[in-house]
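# Topology and contacts: notes
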Amino acid sequence: MTPLPETLRHTIAGWLEAGEIELFIGYEAGAVPLRATPVFIRDAADVERLIWDATCENNLVAFLPKYRGKKVGIMVKGCDARAVVGLLQEGQVIRENLRIVGVPCGGVVDARKVAARLGVAVEDLDDAAVTADGGVEAGGEGIPAGEALFDLCLACDRHNPNVYDVLLGDLLPEGGSAAAEDFAHVRAIEALDDDERWAAFNAELARCNLCYACRNACPLCYCNTCFADRTMPRWFNQTVGPEDLQFYQVIRTFHLAGRCVGCGACTRACPQGVNLRLFLDKLRLDTHDLFGYEAGTDAAAHPPLTTYSPDDPDDFVL
Amino acid sequence: MAMTTEGTAMADTNATGWEPRILAFLCNWCSYAGADLAGTSRMQYPPNVRIIRLPCSGRVNPIFIVEALRQGADGVLVSGCHPGDCHYLAGNYYARRRFALLQRYLEYLGIEKGRVQFSWVSASEGARFAEIVTRVTEDVRRLGPARRLNINAVARRGEVGTP
């Protein structure tokens, strides 16, 4: 783990001491190998605990809606920053209340991938450490970044935060936008027939155990009462029967339509390895396709389902 | 939006007697009045459609559509005022964006094309309403009984992945 540079710790301590923020949300060394853990700093003396390296996988923006109206500092990667923009667009946070440390991010380490490669359990990666280039050293073996990072990160071409007050390190060279993504995983499913698509959907869901980690990790799933928790009406039962899993996943993912910024927090949080990106990326692709809109890029833009144009696509209507 | 299981018990899936059961969400101002006109004009259309009247197509939460399929509807039709004619000025424009995404999304997940359809029918278009119901009923009849998302069709465990 790498402590934050002196100057940055100084800046954050200064914000706390001056009362510009009452809380800083960052990362500290975690108890589980290759996974940093979120830390909530209220005392300027505690800034020593803050770290940044490729084990900082959590999207901390998921905590922001819990501190509505409070002055909060936060550390964001490129993808996390787009979630901040999403919250700004939806009026969930106020820019003036935030102090943002942006991190140009080369990707975060997928501990499960590393463990699988070494043939051990994640908990047994005790001696594992990240290297400067995003690779991992474990069990006397060096694993290059290309085999240690999350798939999402390996495909990412937008490493830099698009909203920040101070930057940790230098901006990285990057590609551009969702338009540049190839969405190959979505295209592959689109190419199937109905039966195969339904089978593919259920094959992912078969691993879901309805723990709601995806919802809890999602920075844009901030409803005070989620439809899944409602009892009047109780939309579905809290079981792992396929019909309940289907209902939950269809509705939760659709609630992210036009809002999902593709940060992958849900997929990283899933303890069962359900690839939720297969579904959310379809919505991101269609949002771009139908409305030329990409979530998390423009704080002044209206989310696509909160606005309209008389010229919107109409060809699907009878 | 409580569709009781008793009230909409799955249609008989024994091939002989099966008739599609289609749930239609109609806006109060145009499509419901259109359906009314079709009725008062004595126009014939398939009796397979069950109508739920809502103030506006913009009131149709996507969860209603998925819930309808869950509770055993073989097809869902949502109909509102023509674009530009919304009683609330823009409700159907918002709805149109939502439905465009939802229809593609449900198809992506494996719900057959034609199960969930959308239309614009004005209060004076009784004949058009009858035509659309006929068309949707035929589409759904061709697809057969809905099994996907249907709580009655996949009530047993261990059937994940079976269509």
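Residues numbered from 1 in each chain as written. Chains lettered and ligands numbered in written order. Predicted model: local features only at pLDDT ≥ 70, side-chain atom pairs only at ≥ 80, totals over all residues. Heavy atoms only, no water.

Looking only at helices and strands, chain A has 11 helices and eight strands in total. The C-alpha atoms of chain A give 20 Å as radius of gyration, which agrees with the globular expectation for 318 residues (20 Å, within 12%). Each principal axis of the C-alpha distribution contributes one length, and for chain A these read about 65 × 45 × 40 Å. Per-residue burial over chain A gives 53% buried out of 318 residues. In the structure as shown, chain A presents an accessible area of about 13300 Å², 51% of it carried by carbon and sulfur atoms. With 28 positive and 47 negative side-chain charges, chain A shows a spacing of 6 Å between the two charge centroids. (Helix = DSSP H or I, 4+ residues; strand = E, 2+ residues; numbered from the N terminus. Rg over C-alpha atoms; globule rule 2.2 N^0.38 Å. Buried < 20%, exposed > 50% of the residue type's maximum accessible area, 1.4 Å probe, protein only. Areas by Shrake-Rupley, 256 points an atom, 1.4 Å probe, with all protein chains shown as cover. Lys, Arg positive; Asp, Glu negative; His and termini not counted. Charge placed at Lys NZ, Arg CZ, Asp CG, Glu CD.)

For helix H2 (residues 62-70) of chain B, the buried fraction is high: nine of the nine residues fall into the buried class. Looking at the packing, one finds that the buried side of H2 of chain B touches helix H9 (242-255) of chain A together with strand S1 (22-27), strand S3 (75-80), helix H3 (91-108) and strand S4 (116-120) of chain B. (Contact = heavy atoms within 4.5 Å.)

Keep in mind that low pLDDT regions are not for reading the predicted coordinates in detail. Residues and elements named next belong to chain B. Confidence in the prediction for chain B averages 87 pLDDT; 84% of positions are at 70 or higher. This stretch, residues 1-14, has a pLDDT under 50; its non-local contacts, to residues over four places away or in other chains, come to 27 contacts. Scoring of the predicted complex yields 0.90 for pTM and 0.92 for ipTM. (pLDDT = per-residue confidence, 0-100.)

Taken residue by residue, a regular strand's side chains alternate between the two faces of the sheet. Residues and elements named next belong to chain B. Within S4, five of the five residues are buried, which leaves it mostly tucked inside the rest of the structure. With burial as the criterion, each face of S4 is covered, one bearing Val116, Phe118 and Trp120 and the other bearing Gln117 and Ser119. The sheet contact formed by S3 and S4 spans five bridges and is parallel. In the strand pairing of S4, Gly80 is matched with Trp120. Once the chain exits S3 it traverses H3 before rejoining the sheet at S4, and the crossover so formed is right-handed. (Pairing = 2+ DSSP bridges. Right-handed = clockwise from strand over helix to strand, strands pointing away.)

Residue and element names in this part refer to chain A. Across the junction of Met232 and Pro233, the peptide omega takes the value 0 degrees, indicating a cis bond. Note on placement: Pro233 falls in the loop between helix H8 (213-217) and H9. If you check the backbone angles, Leu34 has positive phi at about 60 degrees while not being a glycine. Tracing the chain through its elements places Leu34 in the loop between strand S1 (23-28) and strand S2 (37-41).

Attention now goes to the sheet that holds strand S2 (residues 49-54) of chain B. Residues and elements named next belong to chain B. Spatially, the four strands line up as an open sheet ordered S2-S1-S3-S4, and their pairing is parallel. Both edges of this open sheet fall to S2 and S4, since each of them pairs with a single strand only. Within the sheet, the average angular offset between the axes of one strand and its neighbour, ignoring direction, is 20 degrees. Judged from the six bridges that link them, S1 and S2 form a sheet pairing that is parallel. (Axes fitted to C-alpha atoms, helices over the stretch in contact; angles between N-to-C directions.)

A word on the state of the cysteines. All names here are of chain A. The final tally for this structure, using the stated rule, is one disulfide over all chains. Cysteine Cys153 is unpaired, with the sulfur of Cys105 as its nearest cysteine sulfur at 5.8 Å. Using a relative accessible area of 12% as the deciding quantity, one classes Cys153 as buried. Between Cys260, a free cysteine, and Cys266, which holds the nearest cysteine sulfur, the sulfur-to-sulfur gap is 6.4 Å. (Disulfide = S-S within 2.5 Å.)

This next bit is on the nonpolar core. With 133 residues, the main nonpolar core has Ile12 and Met75 of chain A together with Ile65 of chain B as its most contacted residues. Looking at this core element by element, the count peaks at eight residues for H3 of chain B. If we skip the residues at most four places from it in the chain, Ile12 of chain A touches Leu4, Phe24, Val47, Leu50 and Val101 of chain A. Of all hydrophobic cores here, the second largest spans 13 residues; its members include Leu26, Val49, Leu77 and Val121 of chain B. (Core = buried A, V, L, I, M, F, W, Y, C linked by side-chain atoms within 4.5 Å.)

With that out of the way, let us pick up the packing of aromatic side chains. If you walk through the whole model with that rule in mind, you get 18 aromatic pairs over all chains. When the ring of Phe236 of chain A is compared with that of Phe247 of chain A, the centres are 5.9 Å apart and the planes differ by 40 degrees; the resulting orientation is tilted. Pair noted here: Phe236 of chain A is in the loop between H8 and H9 and Phe247 of chain A is in helix H9, with a separation of 11 residues, a long-range link. In this pair, the class of Phe236 of chain A matches that of Phe247 of chain A, namely buried. Pairwise contacts between aromatic rings join Tyr212, Phe227, Phe236, Phe247 and Tyr248 of chain A into one cluster. Between Arg215 of chain A and the ring centre of Tyr212 of chain A, over which it is positioned, the NZ or CZ distance is 4.3 Å. A cation over an aromatic ring shows up here: Arg53 of chain B above the ring of Tyr32 of chain B, its NZ or CZ 4.7 Å from the ring centre. (Phe/Tyr/Trp six-rings, centres within 6.5 Å; stacked < 30°, edge-to-face > 60°. Lys NZ or Arg CZ within 6 Å of the ring centre and 35° of its normal.)

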